[in-house]
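Tertiary structure, described
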Amino acid sequence: MGWKALELLQNHPNPFDEQTVISVRKNAPIDFKEAYILIVDGTGREIERIPLTLEADLNEVRFVHGFHARGTYIYSLVVDGKTLGSKRMVLE
């Protein structure tokens, strides 16, 4: 499984205030047991894991910030324990 099969896209809107959408494009069939978006703060502390089903084409999950502090967060696509990509998002 590689970058061609799955593509982590930039969240939108970014920056965001209440919620944002994180998208993953599935370009080819893959076998996997577990997939999720991992969100961490600037210190690396885990904020949330959002499960993914990874259907064909575009997969979207919504992150609602709740009471998290404003700042920059990192979200990563994790499939079967391997991080396949990470991006930054800004909570205003």
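Only a predicted model underlies this, so the values are computations on that prediction, with no experimental measurement involved.

Description of the pattern of salt bridges
The final tally for this structure, using the stated rule, is 3 salt bridges. Residues aspartate 57 and arginine 25 are paired through a salt bridge, measuring 3.2 Å at the closest nitrogen-oxygen approach. A residue pair is termed long-range when its members are at least 10 positions apart, and aspartate 57 in strand β5 (residues 57-64) and arginine 25 in strand β2 (residues 19-26) qualify at 32 residues. Overall, the relative accessible area of 45% leaves aspartate 57 in the partly exposed class. A relative accessible area of 28% places arginine 25 in the partly exposed class. The closest approach of N and O atoms between arginine 49 and glutamate 46, which form a salt bridge, is 3.0 Å. Given a relative accessible area of 40%, glutamate 46 falls into the partly exposed group.

Considerations on the side chain of histidine 65
Here histidine 65 is to be found in the loop between β5 and β6 (71-79). On the accessibility criterion, histidine 65 (14% relative accessible area) is buried. A polar contact of 2.7 Å, which involves the side chain of histidine 65, links it to the backbone oxygen of aspartate 17. When residues no more than four places from it in sequence are discounted, the contact partners of histidine 65 are Phe16, Asp17, Glu18 and Leu91.

The rules behind each value
- Residues numbered from 1 in each chain as written.
- Predicted model: local features only at pLDDT ≥ 70, side-chain atom pairs only at ≥ 80, totals over all residues.
- Heavy atoms only, no water.
- Salt bridge = Lys/Arg side-chain N within 4 Å of Asp/Glu carboxyl O.
- Helix = DSSP H or I, 4+ residues; strand = E, 2+ residues; numbered from the N terminus.
- Buried < 20%, exposed > 50% of the residue type's maximum accessible area, 1.4 Å probe, protein only.
- Polar contact = N/O pair within 3.5 Å; in protein donor to acceptor, adjacent residues only side chain to side chain.
- Contact = heavy atoms within 4.5 Å.

Functional significance is not addressed by these values, which are geometric in nature.
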